[in-house]
Amino acid sequence: MTNEQLALPVGITLDRFIMRNQEAFPFASGELSQLLRDIALAGKIINREINRAGLSDITGQLGSQNVQGETQQKLDVIADIRFIRALKNGGEVCAIISEEATEVILTGNNHAKYIVAIDPLDGSSNIDTNVSIGTIFSVYRRRSEIGTEPTEEDFLQRGNKQVASGYLLYGSSTILVYTTGKGVNGFTYDYSLGEFFLSHPQIQISQDGEIYSCNEGYKSDFSDAVQHYLEECKQKRFSSRYIGSLVADFHRNLLKGGIYMYPATRKTPNGKLRLLYECFPLAFIIEQAGGKASDGKQRILDIFPTDLHQRSAFYVGSGKMVDTVENYINN
Ligand SMILES: O=P(O)(O)OC[C@H]1O[C@](O)(COP(=O)(O)O)[C@@H](O)[C@@H]1O
Ligand SMILES: [Mg+2]
Ligand SMILES: [Mg+2]
């Protein structure tokens with residue numbers, strides 16, 4: 001055994017990976033790198049709180065409602081506070097929108113050029129039952145002039161204007177997956193070292209898959225087209241998998257191939273999921289991984305949002321499966 005083999009490498013840390021990517025772009029100023037580090041830091045803190053949730057009084061409902069009319073879980077609000085604080089203190093973000101806040105959150109960093117849209121805790125209905133949950137984020141350059149106070153207008157940009165997006169998945173292991181438009185990479189959290197390490201380089205989704213994921217409890221509320229597509233999935237003996245946490249269902253399909261669908265229903269005629277901090281960020285990831293994301297009629301990333309908390313039908317995953325459901329819907 002060589003001496004080198006005595007001390008096997010532990011891998012590439014997130015920090016080093018970010019630095020290497022920054023060095024690859026001489027004009028990169030390091031602000032986006034710092035922003036990604038701030039998100040990773042808040043993710044570590046939330047992860048620790050989630051791991052201890054059953055031992056500390058942070059499970060259950062807070063009783064207040066968010067702008068969507070959903071009852072907020074304590075962890076929804078704790079995660080919201082942690083990410084906003086990390087991004088404020090990091091200094092690279094001038095404004096934030098969050099699922100848990102009605103209005104634009106001004107950080108006071110008016111000199112900063114980035115804005116962030118965030119779903120601080122995704123899969124809220126699964127928090128208290130130890131099922132995988134996550135955080136979803138999206139980063140844009142502001143539209144308003146640096147030095148001025150950002151407004152709602154800064155956030156009303158098409159999804160194809162994102163400069164970065166990603167998610168954290170707090171599951172059997174904790175993983176951070178993100179893109180800055182140069183492919184998709186995943187980093188697994190090593191608790192013992194307190195570091196994220198590159199574990200899933202350059203993720204690509206298979207063009208076709210045999211997993212479909214949607215809440216079939218609402219099937220009778222889906223359009224005939226979607227019901228026909230579900231029938232086809234069953235005839236083809238595809239596996240039905242639905243965790244009920246978008247991040248977890250998305251991540252499984254990203255690695256295994258498959259399609260996640262949250263169609264419009266009578267209860268949610270515009271779909272349930274939010275364009276700016278659920279659909280756009282995951283659509284950017286899936287396209288960078290070779291897959292597709294649609295609202296049934298058009299590419300999600302081409303949609304021009306008119307409202308901060310706008311909802312959309314969402315079909316995302318292996319390209320051929322998204323094409324098939326789109327064909328059903330449009331023919
Ligand atoms: O219970 P339903 O209607 O199937 O909805 C589940 C979906 O709603 C969500 O919980 C919405 O996200 P939040 O938990 O962030 O509100 C998704 O994670 C999940 O895919
Ligand atoms: Mg969500
Ligand atoms: Mg949420």
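Just above sits the structure.
The present account deals with the structure reproduced in this document.

How each quantity is defined
- Residues numbered from 1 in each chain as written.
- Chains lettered and ligands numbered in written order.
- Predicted model: local features only at pLDDT ≥ 70, side-chain atom pairs only at ≥ 80, totals over all residues.
- Heavy atoms only, no water.
- Helix = DSSP H or I, 4+ residues; strand = E, 2+ residues; numbered from the N terminus.
- Rg over C-alpha atoms; globule rule 2.2 N^0.38 Å.
- Buried < 20%, exposed > 50% of the residue type's maximum accessible area, 1.4 Å probe, protein only.
- Contact = heavy atoms within 4.5 Å.
- Areas by Shrake-Rupley, 256 points an atom, 1.4 Å probe, with all protein chains shown as cover.
- Lys, Arg positive; Asp, Glu negative; His and termini not counted.
- Charge placed at Lys NZ, Arg CZ, Asp CG, Glu CD.
- Donors = N, O, S within 2.8 Å, 3.2 Å for Na, K, Ca; no water.
- Pairing = 2+ DSSP bridges.
- Near = heavy atom within 4 Å.
- Polar contact = N/O pair within 3.5 Å; in protein donor to acceptor, adjacent residues only side chain to side chain.
- 1 Å grid on protein atoms, 1.4 Å probe; cavity = no way out; pocket = protein on both sides within 12 Å on 5 of 7 lines; lining within 4 Å.
- Sits in = over half its atoms within 2 Å of the grid points.
- Domains from an automatic or database assignment.

Description of the overall build of the protein chain
Part 1 of the reasoning: Secondary structure assignment for the protein chain yields eight helices and 17 strands.
Part 2 of the reasoning: Rg of the C-alpha trace for the protein chain: 20 Å, near the compact-globule value of 20 Å for 331 residues, within the 12% margin.
Part 3 of the reasoning: The burial tally for the protein chain puts 53% of its 331 residues in the buried class.
Part 4 of the reasoning: Residue pairs at least 24 apart in sequence account for 63% of intrachain contacts in the protein chain once pairs closer than 6 positions are excluded.
Part 5 of the reasoning: Approximately 14,600 Å² of the protein chain is accessible, and the part contributed by carbon and sulfur atoms is 48%.
Part 6 of the reasoning: Computed over 33 positive and 39 negative side-chain charges, the inter-centroid distance for the protein chain is 3 Å.

Notes on the coordination of the magnesium ion (ligand 2)
Part 1 of the reasoning: Around the magnesium ion (ligand 2), the protein contributes the donor atoms Asp 119 (OD), Asp 122 (OD) and Glu 278 (OE), which lie 1.9 to 2.0 Å from the metal centre.
Part 2 of the reasoning: The sequence pattern describing where the donors of the magnesium ion (ligand 2) fall on their chain is D-x2-D-x155-E.
Part 3 of the reasoning: The distance between the magnesium ion (ligand 2) and the magnesium ion (ligand 3) comes to 3.7 Å, with Asp 119 serving as a donor to both metals. Of this pair, Asp 122 sits in strand S5 (residues 114–122) while Glu 278 sits in helix H7 (residues 275–288), placing them 156 residues apart in sequence.
Part 4 of the reasoning: On the accessibility criterion, Asp 122 (5% relative accessible area) is buried.
Part 5 of the reasoning: Among the residues examined, Glu 278 registers a relative accessible area of 2% and is labelled buried.

Considering the pairing of strand S13 (residues 259–262)
Part 1 of the reasoning: In S13, alternate side chains face the same way, and those of Ile 259 and Met 261 on one face and Tyr 260 and Tyr 262 on the other are all buried.
Part 2 of the reasoning: Of the pairings in the sheet, the one linking strand S11 (residues 211–213) to S13 comprises two bridges and is parallel in character. In the sheet register, Ser 213 faces S13, and the bridge partner there is Tyr 260.
Part 3 of the reasoning: As paired elements, S13 and strand S17 (residues 314–317) share four bridges and run antiparallel to each other. Across the sheet, Ile 259 pairs through a bridge with Gly 317, a residue of S17.

Quick notes on the site of ligand 1
Part 1 of the reasoning: In the vicinity of ligand 1 there are 18 residues, among which Asp 122, Asn 215, Tyr 242, Leu 246 and Tyr 262 approach most closely.
Part 2 of the reasoning: In this structure, Arg 274 approaches ligand 1 through a side-chain N or O atom, which is 3.0 Å from an oxygen atom.
Part 3 of the reasoning: The separation between an oxygen atom of ligand 1 and a polar side-chain atom of Glu 278 is 3.0 Å.
Part 4 of the reasoning: In a pocket analysis with a 2 Å cut-off to the grid points, ligand 1 is assigned to the largest pocket.
Part 5 of the reasoning: Looking at the shell around ligand 1, the elements that each hand over two or more residues are S5 and S13.
Part 6 of the reasoning: Ranked by residue count, the leading element in the shell around ligand 1 is S5, at three residues.
Part 7 of the reasoning: Looking at which domains feed residues into the shell around ligand 1, each of domain 1 (14–200) and domain 2 (211–330) supplies at least three.

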